[in-house]
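So the chains spell out like this:
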Amino acid sequence: MNILRVALAIFSLGPLCAAAQAQSALQVYGVLDAGVVAERGCVGGADCDTTRVSSGVASASRLGLAGREALGGETAAVFTLEAGILGDTGRADPNGTLFGRQAYVGLDGRLGALTLGRQYNLQYLALVDVADPFKGGLAGSARNLVGYTAERYDNAIQYRSPRRHGLIAGVIYSFGESVHSSAANRAYAATLGYANSRVNVTVARQRKNNFIAAASLPGLDLSATNTLVAANVKLGPATAFAAYGRNKGAGSSPWDASNPYGALVSSTPSTDSRDVLLGLSAPYGASTFMASYIRKDDHNLANRDANQIAVGMTYALSRRTDFYASFAKIQNRNGAGYAVGNATEAGRGERAVNIGLRHAF
């Protein structure tokens, strides 16, 4: 019902938007993505093989409203409200939050953009926009192995510089707003990037404090520090991708503690790891083919390494609609517990096939 109310409210703004067009711009946009996900080889050897319809396999389904109003002097007020939708059930995503994807307001001008609210983590954007040929979606998503990247920060202030001679920088700070400590749940990140017609390189670093208090047991510190160097290079019509990451902290790698491991094997994440990604994408007619290899090198004594190989393709049926298919396999070593997910789901199996349809509007 919340999503329905939002949709009705957004579309009822159409006449108001037309009346104010001379001074401001209002954009309604979205993505609907649904596909079949087949998972096999449940992490830990348990029987959880499934085939199901899922939402947001290649790109998370969403409904958004973005606005921009000219204030004079090359400055504009900007805002975005973006609601995630699970297309297979109609529920709000993530975690039932109404505008859980983005909700911010700010100013954009000649000196850069300053925004406040729930926003994307800059280090996450460096991974999916620069380093990953799968753009953070499908079974081949780099997020399956590459250091844990909190997708969004709440209570955040972000500044992004204008691009000058190919250079751009950004910083973001998230207030923890905990009643117990100003440091609890606090997060910050920074990026520095360069791009021209052939080369795109970004260096990013984030720190996320994530201390989980317990009523009767000692608290659990899942804080993370992640550093990433991401790049892509155009090689004629094809694009080559690469990334190197360093991860510190119990929450620094994508680990699902709920995955089964057996009675005598504990589920413990890596607190010190290195990531290497190599990928390629190439267009052919209306199709685009992608492939990547990721190596997770665990530096803990347990040496829980993992490798992922992935292939995929999209086929453009029109400018806004495409068909997609992807396959990925993770090889876990020494009890590692990484699973093949997609743009919306963490996944539970070491192998997965995705087939689906995506429409943007």
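Above this text is the structure in question.
Counting of residues starts from 1 at the beginning of each chain's written sequence and follows it residue by residue. This being a predicted model, a pLDDT of at least 70 is required before a residue's local features are given, and a value of 80 or more before pairs of side-chain atoms are given or counted; all residues contribute to the totals for chains, interfaces and linings. Side-chain numbers come from the whole structure's heavy atoms, not from hydrogens or water.

What is the right way to look at the overall build of the protein in this model?
Comment: elements are numbered from the N terminus, with helices defined as DSSP H or I runs of at least four residues and strands as E runs of at least two. Each helix and strand in the protein was counted, giving three helices and 20 strands. Only protein chains enter the accessibility calculation, which uses a 1.4 Å probe. A residue is then buried if its area is under 20% of the maximum for its type, exposed if over 50%, and partly exposed in between. Here the protein holds 361 residues, and 45% of them are scored as buried. By definition, residues are in contact when any of their heavy atoms lie within 4.5 Å. Put simply, of all contacts in the protein between residues at least 6 apart along the chain, 59% involve residues at least 24 apart. To measure how exposed things are, a 1.4 Å probe is used in the Shrake-Rupley method; for residues, cover is taken only from the protein chains shown. Just so you have it, the protein exposes about 17600 Å², and 60% of that area is on carbon and sulfur atoms.

How do you make sense of the environment of Ala302 when you look at a structure like this?
One can find Ala302 in the loop between β17 (287–298) and β18 (306–316). Classification of Ala302 by relative accessible area gives partly exposed; the value is 33%. A sequence separation of 32 residues divides Ala302 from Ser270, and the C-alpha atoms of the two residues are 8.6 Å apart.

Please clarify how the pattern of salt bridges should be interpreted in this entry.
It is possible for side chains bearing opposite charge to pair when their charged atoms get close. For this analysis, a salt bridge means a side-chain nitrogen from Lys or Arg found within 4 Å of a carboxyl oxygen belonging to Asp or Glu. Tallied over the full model, the rule gives twelve salt bridges. Its salt-bridge partner being Asp154, residue Arg118 comes within 2.6 Å of it at the nearest N-O pair. With Arg118 in strand β7 (residues 112–120) and Asp154 in strand β8 (residues 152–160), the pair connects residues that are 36 residues apart, well separated along the chain. Notably, a salt bridge pairs Asp275 with Lys296, separated by 2.9 Å at the nearest N-O pair. With Asp275 in strand β16 (residues 272–284) and Lys296 in strand β17, this residue pair connects regions lying 21 residues apart in the sequence. Pair check on accessibility: Asp275 and Lys296 agree, each one buried. Taken together, the shared-partner salt bridges connect Glu39, Arg52 and Glu345 into one network.

I would appreciate a short explanation of the packing of aromatic side chains in the present structure.
Aromatic pairs are defined between Phe, Tyr and Trp rings, using the six-membered ring for Trp, whenever the two ring centres lie within 6.5 Å; interplanar angles under 30 degrees are classed as stacked, those over 60 as edge-to-face, and all others as tilted. Summed over all chains, the structure comprises three aromatic pairs. With a centroid separation of 6.5 Å and 5° between ring planes, the pair formed by Tyr173 and Tyr188 is classed as stacked. Linking Tyr173 in strand β9 (residues 167–174) with Tyr188 in strand β10 (residues 187–195), this pair joins segments that are 15 residues apart in sequence. Classification of Tyr173 by relative accessible area gives partly exposed; the value is 32%. Put simply, the rings of Tyr173, Phe175 and Tyr188 touch in pairs and so form one group of aromatic residues.

I tried to follow the layout of surface pockets on my own but got confused; where do I start?
Empty space left among the atoms is revealed by rolling a probe the size of a water molecule over them. Any residue with an atom within 4 Å of a point lines the site, the site being either a cavity, points on a 1 Å grid over the protein atoms alone where a 1.4 Å probe fits but cannot get out, or a pocket, an open set with protein on both sides within 12 Å along at least 5 of 7 lines. Grid points are joined across faces, edges and corners, and a volume is the space filled by probe spheres set on the points. The computed volume of the second largest pocket comes to approximately 510 Å³. In terms of lining, the second largest pocket is formed by 24 residues, of which the most central are Thr80, Gln102, Tyr104, Gln158 and Arg160. Looking at which element gives the most residues to the lining of the second largest pocket, the answer is β7, with five residues. Only Asp, Glu, Lys and Arg are considered charged in this grouping, and only Ala, Val, Leu, Ile, Met, Phe, Trp, Tyr, Cys and Pro are considered nonpolar; every other residue, Gly among them, is considered polar. Class assignment of the residues belonging to the lining of the second largest pocket gives a composition of nine nonpolar, nine polar and six charged.

Honestly, the pairing of β7 in this entry has me stumped. Any pointers?
Looking along a regular strand, one sees the side chains alternate between the two faces of the sheet. With seven of its nine residues buried, β7 lies for the most part within the structure. Alignment of strand β6 (residues 102–109) against β7, held across seven bridges, turns out to be antiparallel. The residue of β7 that forms the bridge with Gly109 is Gly112. With antiparallel pairing between neighbouring strands as the criterion, β6 and β7 make up a hairpin whose turn holds two residues. Strand pairing requires that DSSP identify at least two bridges connecting the strands. Alignment of β7 against β8, held across seven bridges, turns out to be antiparallel.

I'm lost on the nonpolar core in this one. Help?
It is characteristic of soluble globular proteins that their nonpolar side chains tend to be buried jointly. Definition used in this section: a nonpolar core is a set of buried Ala, Val, Leu, Ile, Met, Phe, Trp, Tyr and Cys residues joined via side-chain atoms within 4.5 Å. Formed by 31 residues in total, the largest nonpolar core has its most connected members in Leu138, Val146, Leu228, Leu277 and Tyr338. Those elements that provide at least two residues to this core are α3 (122–131), β14 (224–235), β15 (238–248), β17, β18 and β19 (321–332). If near-sequence neighbours (up to four positions away) are discounted, Leu228 is found in contact with Gln123, Ala126, Leu127, Val146, Thr202, Val203, Ala204, Ala243, Tyr244 and Gly245. Formed by seven residues, the second largest nonpolar core is a distinct cluster that contains Leu122, Ala150, Ile172 and Ala189.

In this structure, what is going on with the side chain of Asp93? I would like to understand it.
Note on placement: Asp93 falls in strand β5 (residues 92–93). Lys and Arg are tallied as positive, Asp and Glu as negative. Neither His nor the chain termini are counted. Among buried Asp, Glu, Lys and Arg side chains, Asp93 stands out as unpaired, with Arg101 the closest opposite charge at 5.6 Å. When neighbours within four sequence positions are excluded, Asp93 is seen to be in contact with Gly84, Ile85, Leu86, Arg101 and Thr344.

Is there a simple way to explain a nonpolar patch on the surface in this structure?
Patch membership is restricted to residues that have no salt bridge and whose relative accessible area is over 30%. Joining uses 9 Å for like charges and 5 Å for the nonpolar side chains Val, Leu, Ile, Met, Phe, Trp and Tyr. Taken together, Leu114, Leu116, Ile157, Tyr159, Val171, Tyr173, Phe175 and Tyr188 make up a surface patch of nonpolar side chains, about 680 Å² in accessible area. Secondary structure elements with two or more residues in the nonpolar patch: β7, β8 and β9.

Explanation requested: the environment of Val31 in the structure shown.
Structurally, Val31 can be placed in strand β1 (residues 24–42). Assessed through its relative accessible area of 13%, Val31 is described here as buried. The sequence separation of Val31 and Phe361 amounts to 330 residues, and the corresponding C-alpha distance is 6.3 Å. Those residues within four positions of Val31 in sequence are excluded, and the remaining contacts are Ser59, Ala60, Ser61, Arg62, Arg358, His359, Ala360 and Phe361.

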